Amino acid sequence: MALSKVSLAAVGLLHLFGAADAYSRTARSVTHSTILDRADGLLPEYDYIIVGGGTAGLTVADRLTEDGKHSVLVLERGVFQNSSSVTRVAGGFWGLVDPTLTFNITSVPQTGLNDRSIAVIGGQILGGSSGVNGMQVLRGQKEDYNRWGSYFGKKSEWSWEGLLPYFQKAWNFHPPSAELVSQFDIKYDTRYWGSTSNVHASFPSFSWPVLKMEMAAFGDIPGVEYPSDSGSGETGAYWHPASVDPATVLRSFARPGHWDGIEAARSNYHTLTGQKVLKVSFRGNRATEVVFVPGDATDLTQARSVKAKKEIIMAAGSIHTPQILQASGIGPKKLLKEAGVPLVVDSPGVGSNFQDQPFTVAPSFNLTTFPFHPDFYDMLLNQTFIAEAQAQFDANRTGPMSIASGNSGSWLSLQVVAPKSWKDIAKRYEAQDPAAYLPKGTDKAVVAGYKAQQKALANSMRSKNSAVYNFFLRGGYEEGSVVYLHPTSRGTVHINAADPFFSPPKVDYRALSNPTDLEVLLEFTPFTRKYFLETRMKTLDPVELSPGADVTAPEEIEAWLRSVMNPSCFHPVGTAAMMPKHLGGVVDEDLLVYGVKGLSVVDASVMPDLPGSYTQQTVYAVAEKAADLIKGRA
Ligand SMILES: Cc1cc2nc3c(=O)[nH]c(=O)nc-3n(C[C@H](O)[C@H](O)[C@H](O)COP(=O)(O)OP(=O)(O)OC[C@H]3O[C@@H](n4cnc5c(N)ncnc54)[C@H](O)[C@@H]3O)c2cc1C
Ligand SMILES: *[C@@H]1O[C@H](CO)[C@@H](O)[C@H](O)[C@H]1NC(C)=O
Ligand SMILES: *[C@@H]1O[C@H](CO)[C@@H](O)[C@H](O)[C@H]1NC(C)=O
Ligand SMILES: *[C@@H]1O[C@H](CO)[C@@H](O)[C@H](O)[C@H]1NC(C)=O
Ligand SMILES: *[C@@H]1O[C@H](CO)[C@@H](O)[C@H](O)[C@H]1NC(C)=O
Ligand SMILES: *[C@@H]1O[C@H](CO)[C@@H](O)[C@H](O)[C@H]1NC(C)=O
């Protein structure tokens, strides 16, 4: 089954789809002619080959080619696409309207979700998911990045302090206008940001009036703070930027930031698009070659290969990086045997530890007394307003059409959300047998890794400085978009044993397989009701839309969650985790794949567990650090 209408509505998509005709659309897929010329000029050998020209891949490629000393080839499954569905800011989700921009895999039916299947979606264009995402620019909490380092011990450079310079390198921050700051009491602190990157973080020139009250209402809840900046690594309610270039008010993403005009100007930088990488080949235990076919191939007759002298760098994203590693012989022995793939390294962690952030997990409300104009829904439904906004945007690139999918909300700890039960939830979670809710037969090392995460995540549940609940505001009379930031269930991404290369991987979120997730989520409903009914929001006469005020018994809320929850907010991580080998890790602290030479992973799959935020900002920072690590061993 596809993304349900309910879940689409939760991110504002349903209405945006309806409004699509109001916008002019340009050609669907523009093939970039210089890239095709290059396909014929492919060298037999490069210093570095990057598999996947997405968010992380293009960031690393830019950094590795800048001094001109090394040759780099990027192999990307998608093509150059620069239609308005990619570049347009307004609403934030046009990338999902054009199916040529994404892959779309049907997940394994989710037993925890009444056997519903989920549409597994990610960017499949030059620029990857950064070219289709909702443009929200959010950083996790300090504890998230310190937790990653803690899996290696105290001395790890993977920490908040260690990553901060890379957050600064990755993002060029443009403060909100003085007018917006005073209208909405926006706090920001440029010390957490940089000003040199070609990837931009900026604010719209206008926002919806109701947001001032909605943001203030969070402060009526005990324990909610307002940090000094969205990038300060703290919990609370805050305004945050979007990945929008303020000079053009177009999407800022990995391709304009790290490729446009750069690749063509550097003779050591080649890109081949429309090509699907099938596997990495080895000489002994050294990764030497990448095998690929045209994107539409269904068999190996058109397979070609290209050699790497120094390193092959995996950046195909959390769904496809594990598929390619497994198809190359790096993965769980049993799975590879079943698929008839010759074993190179028994690496049980490849494709395990799969995580994403569930949404549609709390009630939505309608504010029936609503003295604000305009609001989010004018932009969707009021044709007069849309025409005015379009005219303003066309003339000045300002106004409501400079808003992507949102710039404000709250990121709250379990203590704030569940003041009565957080201690017990954390205690019960910590006491679990770590193998109990992982797939049967999970390798001992992967279980040990989960045990380490379990201890660390139980501590996060007890911490005021770690967010588990995110309410993102849209600025309309209907609100209730809540995301669960740190699920405890772990899924899998496995090659299809019958056809590892050409069939999509089997994606299983194993949603709600760990009972702690349900315990936590059952707290989200009363807490969200508290926000609407017990803060200043109550003066707007909120009426609960879904599941409805009469749904109060835990069993009823549970039944509702199982019928509407989407386990994916498009933030997959963890399938090639950076953890010690004995904890089921796939890559070490230098992002090198255990057991082989000359192979690394730099995309979201290396995150051992989720940050308490959406993922793009962290992917860029990790990629910047990865580029330094790779240069350091050149
Ligand atoms: C619809 C959507 C909305 C999102 N909204 C937000 C948001 O608002 N804020 C936020 O912080 N995060 C958001 N995210 C998440 C964020 O964009 C991702 O976490 C991040 O971009 C992932 O980067 P990556 O480098 O790991 O993978 P990607 O950027 O996805 O790059 C992987 C690349 O590899 C290519 N590839 C895959 N397989 C192969 C193969 N076999 N051969 C060659 N190439 C291959 C793909 O085509 C793709 O270009 C969203 C994601 C999506 C999909
Ligand atoms: C992409 O589209 C935008 C908007 O139409 C345009 O300004 C920009 O130059 C295009 N970029 C490229 C590299 O074609
Ligand atoms: C994904 O596929 C499903 C099922 O075919 C379809 O309903 C949905 O619209 C697709 N989504 C995207 C973003 O392409
Ligand atoms: C929701 O609230 C809006 C505006 O306050 C009102 O116009 C509308 O009738 C309400 N809808 C429902 C279903 O209550
Ligand atoms: C639609 O927008 C126009 C222009 O801002 C405004 O005057 C009008 O009141 C709006 N209509 C409704 C039904 O809110
Ligand atoms: C564009 O900005 C100018 C200067 O602020 C203003 O006078 C004009 O009305 C704006 N145009 C539109 C269509 O909003």
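Conventions and cut-offs
- Residues numbered from 1 in each chain as written.
- Chains lettered and ligands numbered in written order.
- Predicted model: local features only at pLDDT ≥ 70, side-chain atom pairs only at ≥ 80, totals over all residues.
- Heavy atoms only, no water.
- Salt bridge = Lys/Arg side-chain N within 4 Å of Asp/Glu carboxyl O.
- Helix = DSSP H or I, 4+ residues; strand = E, 2+ residues; numbered from the N terminus.
- Buried < 20%, exposed > 50% of the residue type's maximum accessible area, 1.4 Å probe, protein only.
- Near = heavy atom within 4 Å.
- Polar contact = N/O pair within 3.5 Å; in protein donor to acceptor, adjacent residues only side chain to side chain.
- Axes fitted to C-alpha atoms, helices over the stretch in contact; angles between N-to-C directions.
- Parallel < 35°, antiparallel > 145°, perpendicular 65-115°, else oblique.
- Contact = heavy atoms within 4.5 Å.
- UniProt positions renumbered as here; feature names shortened; annotations may be inferred.

## Here we look at the pattern of salt bridges
Opposite charge on two side chains allows them to pair when their charged atoms are near. Taken as a whole and judged by the stated rule, the model has 17 salt bridges. Where arginine 147 meets aspartate 609, a salt bridge forms, and the shortest distance between an N and an O atom there is 3.1 Å. Of this pair, arginine 147 sits in helix H6 (residues 142–150) while aspartate 609 sits in the loop between strand E24 (599–601) and helix H20 (616–632); the two residues are 462 residues apart in sequence, bridging distant segments of the chain. Classification of arginine 147 by relative accessible area gives buried; the value is 4%. Relative accessible area serves as the criterion here: at 1%, aspartate 609 is assigned to the buried category. With a shortest N-O distance of 2.6 Å, aspartate 189 and arginine 191 are connected by a salt bridge. Its relative accessible area of 13% is what places aspartate 189 among the buried residues. With relative accessibility at 62%, the residue arginine 191 sits in the exposed group. Beyond isolated ion pairs, a larger network of salt bridges with shared partners links Arg63, Glu66, Glu624 and Lys631.

## Remarks on the site of ligand 1
Residues in close proximity to ligand 1 total 38 residues, the closest being Thr55, Glu76, Ser129, Gln136 and Thr615. Between an oxygen atom of ligand 1 and a side-chain N or O atom of asparagine 133, the distance comes to 3.1 Å. Within the side chain of threonine 615, an N or O atom sits 2.7 Å from an oxygen atom of ligand 1. Listed by contribution, the elements that provide at least two residues to the shell around ligand 1 are helix H4 (55–65), strand E4 (119–123), strand E11 (275–283), helix H11 (317–327) and H20.

## Examining the packing of helix H7 (residues 160–170) against H20
Where H7 meets H20, the axes come as close as 8 Å, and the angle between the chain directions of the two elements is 105°. Judged on the interaxial angle alone, H20 and H7 are roughly perpendicular. Counting all contacts with H7, which are made through Leu163, Tyr166, Phe167, Lys169 and Ala170, the residues of H20 involved are Gln617, Thr618, Tyr620, Ala621, Glu624, Lys625 and Asp628.

## Remarks on the UniProt feature "binding site: FAD" (unreviewed entry) in the protein
When the UniProt feature table is mapped onto this chain numbering, "binding site: FAD" (unreviewed entry) sits at Val277. In this structure, valine 277 sits in strand E11. Residue contacts for valine 277: discarding those within four places in its chain leaves Val51, Leu75, Val290, Val291, Phe292 and Ile324.

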